[in-house]
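Letter by letter, the chains look like this.
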Amino acid sequence: MSSITPEQHVVSYGKLAATWLALMALTVLTIWVSFQDLGIFRVWAALSIASLKSGLVIAIFMQMKYENRLLKWLLFLALATLAIFIGLTFVDVLYR
Amino acid sequence: MRKAQHKDDAAAKLGMWLFLFTEMLLFGGLFLLYGVYLARYPQEFATAGHEMHRWFGAINTIILISSSLLAAMSVTAIRRNDSKTAVLLLVGTVACAAVFLMNKYLEWSAEISRGLYPGSPLLAQAPHGEPLFFSLYYLTVGLHGLHVLIGGSVLSVMAWRIRHGVITAGNCIWLENSTLFWHLVDLIWIFIFPLYYLVL
């Protein structure tokens, strides 16, 4: 049997639980922020917290932190593509 | 002679991530639509957004994040050769998925009974931005709910496979890729929750 097994990294239960706690804390924070009177910054605050949370999920739960460089660059490429799509659309919509 | 089985976990994982990227772009497109319409109809979006059940969204956020923890722990369990715990953790994950969908059912029932659904007589009389908001809401959250259903089904199959010794410590790429899908479902909800339930 030919087998190519990448180096396996086992994330400890403690680390996963700590990540869950951080995600819970950020959820409480995002709800608290939504009750504050921040005007348009509410959207930016909510999106910043959501990005932080998704960073934690991708890095620890999805183990991207322990993956090889190829996968990390591909993730960057996918997110950059999405950011360019969204950025250019808003340039068109807001300054038409 | 039996043909040697070819096994390449790195390629399997790469393939899964490529699929997840297409999913990110799919939901990214829906978030882009949301952003553009929010910029065009801020007043109508605010009115429509106040009809949302904030606490349903918050409870479902907690349920999904916790289910993601259980799914990630099941991978750790199987790697440590602890199949029994891995199955239990997956059962917990699937139970969370079921509760999530149940909440969704209650939430949508409440909204539909108040006449808030695409094409309803109530929304037909509302300014253009409000039916737009609800159409986008039902499309995005409905598509996400479909992902919850699929992810829950896939993880049930994985639990069955672990129980029957098909997935083991040395052969767990199926489980890993299935949990990756589950984390993506969680990831998308992390953005749906503030955008639809909180910022308006």
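Every value quoted in this text rests on a predicted model; they were computed, and no experiment measured them.

Caption draft 1: Just the overall build of chain B, in detail. On a plain count of helices and strands, chain B comes out with seven helices and one strand. N-terminal to C-terminal, the α/β element order of chain B is β-α-α-α-α-α-α-α. The C-alpha extent of chain B, read off along each of the three principal axes, is 70 × 30 × 25 Å. Here chain B holds 200 residues, and the buried ones make up 39% of them.

Caption draft 2: Geometry of the overall build of chain A. Scanning chain A from terminus to terminus reveals three helices and one strand. For chain A, the sequential pattern of α-helices and β-strands runs β-α-α-α. Taking 12 Å as the expected radius of gyration for a compact globule of 96 residues, we find that chain A reaches 18 Å, considerably beyond that expectation. Taking the principal axes of its C-alpha atoms as reference, chain A extends roughly 60 × 35 × 15 Å. Looking at chain A as a whole, 19% of its 96 residues qualify as buried.

Caption draft 3: Here's a closer look at the interface of chain B and chain A. Across the boundary between the two partners, chain B contributes 38 residues, which contact 37 residues of chain A. Every element with two or more residues in the side of chain B that touches chain A is listed here: strand 1 (6-8), helix 1 (9-40), helix 3 (54-79) and helix 7 (173-198) of chain B. With 12 residues, the single largest contributor to the side of chain B that touches chain A is helix 1 of chain B. Taken together, the residues of the side of chain B that touches chain A sort by class into 23 nonpolar, nine polar and six charged.

Caption draft 4: Region of interest: the packing of helix 1 of chain B against helix 7 of chain B. Residues and elements named next belong to chain B. Remark: helix 1 packs on helix 7, axes separated minimally by 10 Å, with the N-to-C direction vectors making an angle of 15°. With respect to helix 7, the element helix 1 is oriented roughly parallel. Read as a crossing pair, helix 1 and helix 7 show a hand that is right-handed. Counting all contacts with helix 1, which are made through Asp-9, Ala-12, Lys-13, Met-16, Leu-20, Glu-23, Phe-27, Phe-31 and Tyr-34, the residues of helix 7 involved are Ile-173, Glu-176, Asn-177, Leu-180, Leu-184, Ile-188, Phe-191 and Leu-195. Considering only residue class, the contact of helix 1 with helix 7 consists of 12 nonpolar, one polar and four charged.

Caption draft 5: Structural detail: helix 6 (residues 129-163) of chain B. Given a rise of 1.5 Å per residue, 35 residues ought to cover 51 Å, and the 51 Å separating the end C-alpha atoms of helix 6 of chain B matches this to within 8%. Looking one or two residues past helix 6 of chain B, Gly-165 of chain B carries a phi angle of roughly 70°, positive in sign.

Caption draft 6: Spatial organisation of the domain arrangement of chain A. Considered domain by domain, chain A is made up of domain 1 (10-62) and domain 2 (67-96). With centres defined by C-alpha atoms, the gap from domain 1 of chain A to domain 2 of chain A works out at 21 Å.

Caption draft 7: Looking closely at the environment of His-164 of chain B. Here His-164 of chain B shows up in the loop between helix 6 and helix 7. The sequence separation of His-164 of chain B and Trp-189 of chain B amounts to 25 residues, and the corresponding C-alpha distance is 32 Å.

Caption draft 8: Summary view of unusual backbone geometry. The backbone of Gln-63 of chain A sits at a positive phi, close to 60°, despite the residue not being glycine. Topologically, Gln-63 of chain A is positioned in the loop between helix 2 (41-61) and helix 3 (69-94). The backbone phi angle of Asn-81 of chain B is positive, close to 70°, even though this residue is not glycine. By the secondary structure assignment, Asn-81 of chain B is in the loop between helix 3 and helix 4 (83-113).

Caption draft 9: Geometry of the confidence of the model for chain A. Mean pLDDT over chain A works out to 91, with 93% of the residues at or above the 70 mark. Per-element confidence in chain A is highest for helix 1 (residues 13-35) of chain A, whose mean pLDDT is 96, and lowest for strand 1 (residues 2-4) of chain A, whose mean pLDDT is 50.

Reading the values: the criteria
Residues numbered from 1 in each chain as written. Chains lettered and ligands numbered in written order. Predicted model: local features only at pLDDT ≥ 70, side-chain atom pairs only at ≥ 80, totals over all residues. Helix = DSSP H or I, 4+ residues; strand = E, 2+ residues; numbered from the N terminus. Buried ≥ 20, exposed ≤ 12 C-beta atoms within 10 Å, placed from the backbone. Rg over C-alpha atoms; globule rule 2.2 N^0.38 Å. Contact = placed C-beta atoms within 7 Å. Nonpolar A, V, L, I, M, F, W, Y, C, P; charged D, E, K, R; others polar. Axes fitted to C-alpha atoms, helices over the stretch in contact; angles between N-to-C directions. Parallel < 35°, antiparallel > 145°, perpendicular 65-115°, else oblique. Left-handed = near helix turned anticlockwise from the far one by under 90°. Expected span 1.5 Å × (residues − 1). Domains from an automatic or database assignment. pLDDT = per-residue confidence, 0-100.

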